[in-house]
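A closer look at the structure
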Amino acid sequence: RMFKGFEDYDELHRFQFDLETEGLSGNRDAIFQIGMRDNRGFEYVFETKGATAQERRDSERENLIRFFQVINHLGPDVITGYNSESFDWKFIVDRCERLSLDIGQIAIGLDGKTKMKRKPSMLKLGNEMEAFEQTYIFGYNVIDIAHSVRRAQAINSDIKSWGLKYITQFSGVAKKNRVYVPGDKIHTTWSDVKNDYAYNDNNGDWYKISLRMPLKDGYKQVKGDYIVKRYLLDDLWETEQVDNIFNQAAFLISKIL
């Protein structure tokens, strides 16, 4: 009944999000960016700002609150992320606890009262089963796009990896001017306020400007946070494309059922 009148998965209002964090532990490392995008033109990044530790802490708390406010304001049919059940949702829960923020008060379903829940579930990958925690928010379909890619990989030996960079290239939807930032350079590049960077919007290339590497023709001068913001938004753009490809079949099966 939910899909009555919809003929294509992309007709649903699909919302993607991604986190950039200082490390891999939500109990220790802060979220410094929350990127959001939908398939109807919305695109925004919340960034943690502040000159002192307390200011950054307050900024991160406010961004988490606003993140759920955006979801409830947009009211998407589907909330998606890439590897979000294993990382992003758990990280959000851990950060809320660390910041003394009651997630039950900010992560509310469309009915205005049902709190977000995470429950044990099982992911079927061909002949194998894998345990994971599933996120539930009343009124929304919360899915992990990586799960769909991994299900496809289990039955298609041509898919050698389920990583986002690989699967976008495999699927032919890699963004032409995609910005890539190595994982160990993301936070240091974003927080670098001393140096200037060169960025080429035609191919996504960038580098730190120095005496040996001055600004070249076709590049513009930007700061490190701009580079990382572009990287995050490109991640979300590619995530949306992969979602539309690998969840189309699941949508059609649900529609039939």
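Here is a short report on the structure shown in this document. (Residues numbered from 1 in each chain as written. Predicted model: local features only at pLDDT ≥ 70, side-chain atom pairs only at ≥ 80, totals over all residues. Heavy atoms only, no water.)

Here we have three strands laid out as an open sheet, ordered β9-β8-β10, and antiparallel in their pairing. Of all the strands in the sheet, just β9 (206–208) and β10 (220–222) have a single pairing partner and so form its edges. On average, each strand axis in the sheet is inclined to that of its neighbour by 30°, with strand direction left out of account. Taken together, the three bridges between strand β8 (residues 197–199) and β9 define a ladder with antiparallel strand orientation. Residue pairing across strands places Y197 opposite K208, the latter belonging to β9. Where helix α7 (residues 224–246) meets the sheet, its contacts fall on β8, β9 and β10, and the angle it forms with β8 comes to roughly 40°. (Pairing = 2+ DSSP bridges. Helix = DSSP H or I, 4+ residues; strand = E, 2+ residues; numbered from the N terminus. Axes fitted to C-alpha atoms, helices over the stretch in contact; angles between N-to-C directions. Contact = heavy atoms within 4.5 Å.)

Time to look at the sheet that holds strand β1 (residues 14–21). Spatially, β3-β2-β1-β4-β7 is the arrangement adopted by the five strands of the open sheet, whose pairing is mixed. Strands at the two margins of the open sheet, each flanked by one partner only, are β3 (43–47) and β7 (141–144). When strand polarity is set aside, the average angle formed by the axes of neighbouring strands in this sheet is 20°. As defined by bridge partners, strand β4 (residues 78–81) adjoins β7 across four bridges and the pair is classed as parallel. Residue pairing across strands places T80 opposite I143, the latter belonging to β7.

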